[in-house]
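Chain by chain, the residues:
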Amino acid sequence: MSAPAPMEHHEKMRMRAAAFRATRVYPGPVGELISRELLSWEDFGYRLGGNRLVMDLVDDVLKSQPASRSDAA
């Protein structure tokens, strides 16, 4: 069984950008959870394989608009 290949630099940067953006798109505990999960995945989760769901989440966060103050209430 071969070890998974490390993530490429551009993938890491997209994931990190989505992690920091998640707290603005989804304010509160949900955004914090998404942010932490993406940062953890960048560090070592990619070794688990099956990253399609995570990369779909990255795409969703990056294209979503941040919640307005009235949405957060």
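As a starting point, this report considers the structure included with it. Bear in mind the structure is a predicted one, so any value in this text is a computation, not a measurement.

## Concerning the nonpolar core
Turning to step 1, where the next piece is worked out: Judged by nonpolar contacts, the single largest core of 14 residues is most densely connected at Met 15, Leu 38, Val 58 and Val 61.
Turning to step 2, where the next piece is worked out: Of all the secondary structure elements, the ones that give two or more residues to this core are α1 (9-25), α2 (29-43) and α3 (52-63).
Turning to step 3, where the next piece is worked out: No other element matches the 5 residues that α1 contributes to this core.

## Notes on the pattern of salt bridges
Turning to step 1, where the next piece is worked out: For the structure on display, the rule yields 5 salt bridges.
Turning to step 2, where the next piece is worked out: Between Asp 59 and Arg 14 there is a salt bridge, and its shortest N-O distance comes to 2.7 Å. Here the residue Asp 59 occupies a position in helix α3, and Arg 14 occupies one in helix α1, the gap between them amounting to 45 residues.
Turning to step 3, where the next piece is worked out: Arg 36 is the salt-bridge partner of Glu 32, the closest N and O atoms lying 2.9 Å from each other. Of this pair, Glu 32 and Arg 36 both sit in helix α2, 4 residues apart, which is roughly one turn of that helix.
Turning to step 4, where the next piece is worked out: Assessed through its relative accessible area of 33%, Glu 32 is described here as partly exposed.
Turning to step 5, where the next piece is worked out: In the salt-bridge network here, residues are joined through shared partners; they are Arg 14, Arg 52, Asp 56 and Asp 59.

## Re α2
Turning to step 1, where the next piece is worked out: Taking 1.5 Å of rise per residue, 15 residues should cover 21 Å, and α2 covers 21 Å from first to last C-alpha, within 8% of that figure.
Turning to step 2, where the next piece is worked out: Of all the positions in α2, only Gly 31, Ile 34, Ser 35, Leu 38, Trp 41 and Glu 42 are classed as buried. Angular distribution of buried residues about the axis of α2 spans 130 degrees; they occupy a single face of the element. Across α2 from its buried face, at more than 90 degrees, point the exposed residues Pro 29, Leu 33 and Arg 36.
Turning to step 3, where the next piece is worked out: In this structure, the buried side of α2 is in contact with α1 and α3.

About the criteria used
- Residues numbered from 1 in each chain as written.
- Predicted model: local features only at pLDDT ≥ 70, side-chain atom pairs only at ≥ 80, totals over all residues.
- Heavy atoms only, no water.
- Core = buried A, V, L, I, M, F, W, Y, C linked by side-chain atoms within 4.5 Å.
- Buried < 20%, exposed > 50% of the residue type's maximum accessible area, 1.4 Å probe, protein only.
- Helix = DSSP H or I, 4+ residues; strand = E, 2+ residues; numbered from the N terminus.
- Salt bridge = Lys/Arg side-chain N within 4 Å of Asp/Glu carboxyl O.
- Expected span 1.5 Å × (residues − 1).
- Arc of directions from axis to C-beta.
- Contact = heavy atoms within 4.5 Å.

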